[in-house]
Amino acid sequence: MGKKSRVKTQKSGTGATAAVSPKEMMNLISELLQKCSSTAPSPGKEWEEYIQIRALVEKIRKKQKGLSVSFEGTREDFFSELMAWAAECGASCDGFEISNFADEGYGLKAAKDIKAEELFLWIPRKMLMTVESAKNSVLGPLYSQDRILQAMGNVTLALHLLCERANPSSPWLPYIKTLPADYDTPLYFEEDEVRHLLATQAIQDVLSQYKNTARQYAYFYKVIHITTGYNLEDDRCECVALKDYKEAEQIYIFYGTRSNAEFVIHNGFFFEDNAHDRVKIKLGVSKSERLYAMKAEVLARAGIPASSIFALHCSEPPISAQLLAFLRVFCMTEEELRDYLVGDHAINKIFTLGNTEFPVSWENEIKLWTFLETRAALLLKTYKTTSEEDRSMLEKPDLSLHSRIAIKLRLAEKEILERAVSCGRAKRLHFQKQLDEGIPLPLYEESDIALLENADAKLPIILRKLEEEDEHVQEEMSLAQIKPDAAGLDSSKTPVLNGQCKDLNGTQEDPPGSDAVVKESEAEKHDPSTKRTEGEPEDGSK
């Protein structure tokens, strides 16, 4: 059953290393996630990658030292409590006892003769920690939203165990207190101990397991983390400084990763040099599309809805990993969709959808960046003024404060869209060159051990047989109709996505009752300045 626990109880902060900045920790976590999601190393470089990942993991472990929940005493101190709890719950407690078997650790020793096929041990369901009990616990809200968690029962159980370990009133504490502090799998080996496996057939799976486990940890850390939290022990909400402040320097509160539109709407100011500024864009897969079910399922496994509000960012590249993943899935062919649903290592490949290093195909990249370039250009045409005109207005000394804020916001949105157009064009040309020159596609390779050894996970798969599809239900347009050149933008009504047409003045051309696929941004809905009249020129954007 493992080794004796050598860990003592540590209250929040007690015994921990110096306080760690949440920003510093998040940077380490992001670096770890990026490293564990990068291109598979070339043959012979796997060990070097393992050392790099291990170094990051050790840094994180040192900075989190003393923050884990543990218990006073050794494991055997709690065996009597475990057995009492088991008896109270109706489990079998006769005929065996817990005993230490030297090198093999703790196990069950027969207290009487037991014949073959004789029932000697039973445990009621209420004692079991299961996915169902996890769904009914504090983990429930996260489980209901994260399809990766839903697809991987062992990760769900691991998080369930951690949550219950931190809960002083957990019904499973008598069991949790008897768990070993560490294990003897290669995940717990020291580096020099792993070296002994270098010449074995197991080494690839060992290194892959370590990489996958680290990636899982980093992913869920980012899902769960916040900078401001509530300290249950001290019964208070806590906020930490994310940078150094000198005496007399103003301390700024972190509002969160708000856009300037949100700052203007909710706080009444425009934040210059806002690294989190963005423009909303609503996209979705049309339910009338023949491949809708397949695309929706791949998106669901990546934790992305089939219709959602995304954002174009002021940073480079202008799209997030989530939007990149959505556009890749939207542009997938049927063959590509099948590969991400039932192909080799389908679960693992879901993690690569938002990774720029692993294109689905060169054609897929060309389609998605063509769409982005076209869509951003269309949105630019909805504004009544140009960027140059806005800059000229801001030079007027008699401009009111409110007008200045409004124009700054309008200009910032245009600049984001202009960068998106430029980026889309550059990316499209880059990937077209890759295709024309026959550059090999970076292939994602993974060990036969799935993430955290979850090879037997049963995933919900929605696949429609083509012959079962209504022959009359077809895509109203293909992505090939999207023209990246300026000529393709001259029509007052341009097909944008899955047959949905959009007037350049922001009017949605959807039939009654249908699901709009590309809808206007909030600015288009409410800002009269974004409306273009029929007689005005359409080439107002840069």
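Notes on the structure follow. Quick caveat, the model's predicted, so the values are computed rather than measured. (Residues numbered from 1 in each chain as written. Predicted model: local features only at pLDDT ≥ 70, side-chain atom pairs only at ≥ 80, totals over all residues. Heavy atoms only, no water.)

Per the secondary structure count, the protein chain includes 19 helices and nine strands. Expressed as a percentage of the 542 residues in the protein chain, the buried residues total 42%. Accessible area of the protein chain: about 30200 Å², with a carbon and sulfur share of 53%. (Helix = DSSP H or I, 4+ residues; strand = E, 2+ residues; numbered from the N terminus. Buried < 20%, exposed > 50% of the residue type's maximum accessible area, 1.4 Å probe, protein only. Areas by Shrake-Rupley, 256 points an atom, 1.4 Å probe, with all protein chains shown as cover.)

On the surface, Leu108, Ile114, Phe120, Leu121, Ile123 and Leu128 cluster together to form a nonpolar patch covering roughly 460 Å² of accessible area. Among the structural elements, leucine 121 can be located in the loop between strand S2 (106-110) and helix H4 (131-135). By relative accessible area, which is 36% here, leucine 121 ends up partly exposed. (Patch = residues over 30% accessible without salt bridge, like charges linked within 9 Å, V, L, I, M, F, W, Y side chains within 5 Å. Salt bridge = Lys/Arg side-chain N within 4 Å of Asp/Glu carboxyl O.)

Summarising the element assignment, leucine 128 is placed in the loop between S2 and H4. The exposure class of leucine 128 is partly exposed, given its relative accessible area of 35%. Residues leucine 128 and tryptophan 172, spaced 44 residues apart in sequence, show a C-alpha to C-alpha distance of 8.6 Å. With sequence-adjacent residues up to four places away left out, leucine 128 is seen in contact with Ile123, Ser133 and Trp172. (Contact = heavy atoms within 4.5 Å.)

The next point concerns the environment of threonine 356. By the element assignment, threonine 356 lies in the loop between helix H15 (346-350) and helix H16 (362-380). A relative accessible area of 55% places threonine 356 in the exposed class. Separated by 31 residues in the primary sequence, threonine 356 and alanine 325 have C-alpha atoms spaced 9.4 Å apart. Beyond its immediate stretch of four places on either side in the chain, threonine 356 contacts Leu324 and Arg328.

The next point concerns the nonpolar core. Counting residues in hydrophobic clusters, the biggest one holds 82 residues, and the most contacted among them are Leu32, Leu312, Phe326 and Leu353. Setting aside chain neighbours within four positions, we find leucine 32 in contact with Ile53, Leu56, Val57, Ile60, Ala214, Tyr217 and Ala218. Formed by 13 residues, the second largest nonpolar core is a distinct cluster that contains Leu82, Cys89, Ala91 and Trp172. (Core = buried A, V, L, I, M, F, W, Y, C linked by side-chain atoms within 4.5 Å.)

Moving on, we come to the pattern of salt bridges. By the definition in use, this model includes 23 salt bridges. Of the charged contacts, one joins lysine 45 and glutamate 48 as a salt bridge, the two residues approaching to 3.8 Å between their closest N and O atoms. Judged by relative accessible area, which is 42%, lysine 45 ranks as partly exposed. Given a relative accessible area of 42%, glutamate 48 falls into the partly exposed group. Glutamate 81 is paired through a salt bridge with lysine 177; the nearest N and O atoms lie 3.8 Å apart. Highlighted residues: glutamate 81 in helix H3 (residues 79-89) and lysine 177 in the loop between helix H8 (173-176) and helix H9 (191-195), separated in sequence by 96 residues.

To continue, consider helix H12 (residues 292-301). H12 sits mainly inside the fold: ten of its ten residues count as buried. All of the buried residues in H12 are Tyr292, Ala293, Met294, Lys295, Ala296, Glu297, Val298, Leu299, Ala300 and Arg301. Once H12 ends, the next one or two residues include glycine 303, with phi positive near 75 degrees.

All right, on to unusual backbone geometry then. For the bond running from glutamate 316 to proline 317, omega is 0 degrees, close enough to zero to count as cis. Relative to the elements of secondary structure, proline 317 occurs in the loop between strand S6 (307-313) and helix H13 (321-330). One non-glycine residue, aspartate 273, lies in the positive phi region at around 55 degrees. The residue aspartate 273 is located in the loop between helix H11 (260-267) and strand S5 (278-284) in this model.

With that settled, consider helix H18 (residues 401-436). Because an α-helix completes one turn every 3.6 residues, residues spaced three or four positions apart along the sequence face the same direction. Relative to the 52 Å expected for 36 residues at 1.5 Å per residue, H18 spans 52 Å between its end C-alpha atoms, a close match to the ideal helical length. Within two residues after H18, glycine 438 carries a phi angle of roughly 70 degrees, on the positive side. (Expected span 1.5 Å × (residues − 1).)

Per the stated rule, a full pass over the model turns up 13 aromatic pairs. Where phenylalanine 79 meets tyrosine 106, the ring centres are 5.0 Å apart and the plane angle is 75 degrees; that geometry is what we call edge-to-face. On the criterion of sequence distance, the pair formed by phenylalanine 79 in helix H3 and tyrosine 106 in strand S2 is long-range, its members being 27 residues apart. By relative accessible area, phenylalanine 79 is classed as buried at 10%. One aromatic cluster in this structure is built from Trp47, Tyr50 and Tyr210. The residue whose ring lies beneath arginine 215 is phenylalanine 351, and the NZ or CZ to ring-centre distance is 5.2 Å. Lying across the ring of tyrosine 340, lysine 349 places its NZ or CZ 4.7 Å from the centre. (Phe/Tyr/Trp six-rings, centres within 6.5 Å; stacked < 30°, edge-to-face > 60°. Lys NZ or Arg CZ within 6 Å of the ring centre and 35° of its normal.)

Bringing the environment of cysteine 423 into the picture now. Tracing the backbone shows cysteine 423 in helix H18. Given the relative accessible area of 5%, cysteine 423 is considered buried. Once the C-alpha coordinates of cysteine 423 and tryptophan 369 are considered, the two residues, 54 residues apart in sequence, prove to be 8.2 Å apart. Aside from chain neighbours lying at most four places away, what touches cysteine 423 is Glu316, Pro317, Pro318 and Trp369.

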